[in-house]
Amino acid sequence: MFRTHTNGELSLKNLNEEVTLSGWVQTIRDKGFMIWIDLRDRYGITQLVFDQDRSSAQLMEEAKKLGREFVIQVTGKVIERVSKNPNIPTGEIEILVEKLTVLNDSQLPPFTIEDETDGGEELRMKYRYLDIRRNPVKDKLIFRHKMAQKVRNYLSEEGFIEVETPVLIKSTPEGARDFVVPSRMNPGQFYALPQSPQTFKQLLMVGGMDKYFQIVKCFRDEDLRADRQPEFTQIDCEMAFVEQEDVMNVFEGMTKTLLKDITGQEFGNFPRMTFADAMRKYGNDKPDIRFGMEFVELNELVKGKDFKIFDDAELVVGINVEGCADYTRKQIDELVDWVKRPQIGASGMVWVKFQNDGVKTSSVNKFYNEEDLAKIIEKFGAKEGDLMLILSGNENKVRAQLSALRMELGNRLGLRNGNVFAPLWVVDFPLLEFDEETQRYHAMHHPFTSPKPEDIHLLETDPGKARANAYDMVLNGNEIGGGSIRIFDRDLQSKMFDLLGFSKEEAEAQFGFLMNAFKYGAPPHGGLAFGFDRLVAILDGNEVIRDYIAFPKNNSGRDVMIDAPASIADAQLDELELKLNLKA
């Protein structure tokens, strides 16, 4: 038996018991006549003690040879600690070691295996198996496991059946780039790794499964950022004989269950906001509503005052930053530089201060007198001590720029507290987006999203105005899940393919299997998918998903631990009948 107990469970109730423990050597404190060792496993830390008055000389010598991260087994007696540690569950006891066995030695790790480590991110990713030993990473993976179990339990109790769908599928032209896999048995042909099990879950509804879910790996060959990885996990769900309200109620209930488990609080009905309102008030379709700073449009107040920047702008819009009128010129100039960065792209920023002494001033006093400023301040609903920041330009661009500024200020002012949760639904998305470059419509969600029943007639007359029967769940400024009621009528689906520019032949080649299934009694159906990695990170008070994935990729999409992707042997290429044409 390698152990009778784990390193996190012993206490004074085990006093004088003989126990056997196994684990890794965390730290060694050698005083010559006495040696203390912290022994670590997944469950916690137990202090071991070797004492020259109570331990044999041989045992003392064996203990002196130990190093950090050695894997050892010890047997000894539980005794009460003289100097107790209230910060750990085992802090009142220690083990007087009677027998020591080295199960495996260890080289000195490339970084310290401590909560606060000296290892940089790239180094820790290279030695990820060591990084996982650290509490901050280990605890995140355990948290992820607990959330997955709660999701499974909730959905199972709601009557959902977990079904696995294929990983080797067919490439489709919609959405992000596919990862492709060559087929040796079918030379010149390729599988794709799924970006989503979308069509398969619809086929399961045609098959009568009624309620399906899957915690499933998906793949997208796209540029990375903090909340993206080339392979990620979805909670993928579908339901038959439902309308939008049915789907939203089930998954609002699931999210409330997770939030209550974390916070201990009951959450009421999630607020709902239309896509149009979200863009108008916050400049994006996933607003963080933990704080205010709603957009205020100023066109009717500021134009016609000979300030060319505003006069020539399609939209003049701003936010009120409460209590920040005392910002110095240096602080404001730094914000101006921030919005002028290429990533944001603003040409400049105007500010208006309503100072604590009642004085109204701005960076454009030359064009706007005190009466003008008073009207602007009134429009913002500002009070003494507030600072108003104003951008102008092309409507779509300036809303995106101001949205980025709002979020940046939310971070700087501590308004985006990771322990506060503000969920909402965003609904009534446009069904289609028109791409000026390709001069055709693209599906805003995917080609299988149904238009709202009252907007179906617009597909013939004004497709761009049709709204989707779609819904996104937003939490703390992040889209954590999205879904829609699907098209289940063959003629309507064919019409959608026409609008998206598919020829009859292309639609048949890509989606003929789905269209054929619709011939055989497809029920009304709809569903939703959560980004599980992102959901878990946000529920744990973070936004970076990497530490919630056991073996993540870096920002270049590489696994630096196993050095992937990598080249393959010429013999493998020959088997696949592939030739590489790599430019030097």
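See the structure above.
Here the structure is a predicted model, which means the values were calculated and not measured.

K.L.:
For this particular structure, what's the right way to read the sheet that holds strand β2 (residues 34-41)?
P.N.:
Two orientations exist for strands paired in a sheet by backbone hydrogen bonds: parallel and antiparallel. With mixed pairing, five strands are arranged side by side around a closed barrel as β1-β2-β3-β5-β4. Direction aside, neighbouring strands of the sheet carry axes that sit 55 degrees apart on average. Pairing analysis gives two bridges linking strand β3 (residues 44-51) to strand β5 (residues 93-104), with the strands arranged parallel. Paired with V49 across the two strands is L96, which belongs to β5. Sheet contacts for helix α1 (residues 57-64): β1 (18-30), β2, β3 and β5; angle to β5, the most-contacted strand, approximately 70 degrees.

K.L.:
Would you take a moment to explain the nonpolar core for this structure?
P.N.:
Proteins that are soluble and globular tend to have nonpolar side chains buried together. Among the nonpolar cores identified, the biggest contains 41 residues, and L155, I235, F251 and F530 are the most heavily contacted of them. If you tally residues by element for this core, the top one is helix α6 (residues 244-263), at seven residues. Leaving out residues up to four positions away in the same chain, L155 has contacts with F160, F213, I235, C237, F251 and M254. Ranked by size, the runner-up nonpolar core spans 31 residues in total, among them Y282, F429, A466 and F497.

K.L.:
Just to check I follow, could you spell out the pattern of salt bridges for this structure?
P.N.:
If charged atoms from side chains of opposite charge come close, those side chains can pair. Summed over all chains, the structure comprises 49 salt bridges. For the salt bridge of R124 with D131, the shortest nitrogen-to-oxygen distance reads 3.2 Å. A single burial state applies to R124 and to D131, both of which are buried. Taking the shortest distance from any N to any O, the salt bridge between K375 and E371 comes out at 3.9 Å. In this pair, K375 and E371 are both assigned in helix α11 (residues 370-380), four residues apart and thus about one turn of the helix distant. Looking at K375, the relative accessible area reads 43%, which means it is partly exposed. One continuous salt-bridge network, built from bridges that share partners, spans R124, R128, D131, R134 and D547.

Definitions and limits used
- Residues numbered from 1 in each chain as written.
- Predicted model: local features only at pLDDT ≥ 70, side-chain atom pairs only at ≥ 80, totals over all residues.
- Heavy atoms only, no water.
- Pairing = 2+ DSSP bridges.
- Helix = DSSP H or I, 4+ residues; strand = E, 2+ residues; numbered from the N terminus.
- Axes fitted to C-alpha atoms, helices over the stretch in contact; angles between N-to-C directions.
- Contact = heavy atoms within 4.5 Å.
- Core = buried A, V, L, I, M, F, W, Y, C linked by side-chain atoms within 4.5 Å.
- Buried < 20%, exposed > 50% of the residue type's maximum accessible area, 1.4 Å probe, protein only.
- Salt bridge = Lys/Arg side-chain N within 4 Å of Asp/Glu carboxyl O.

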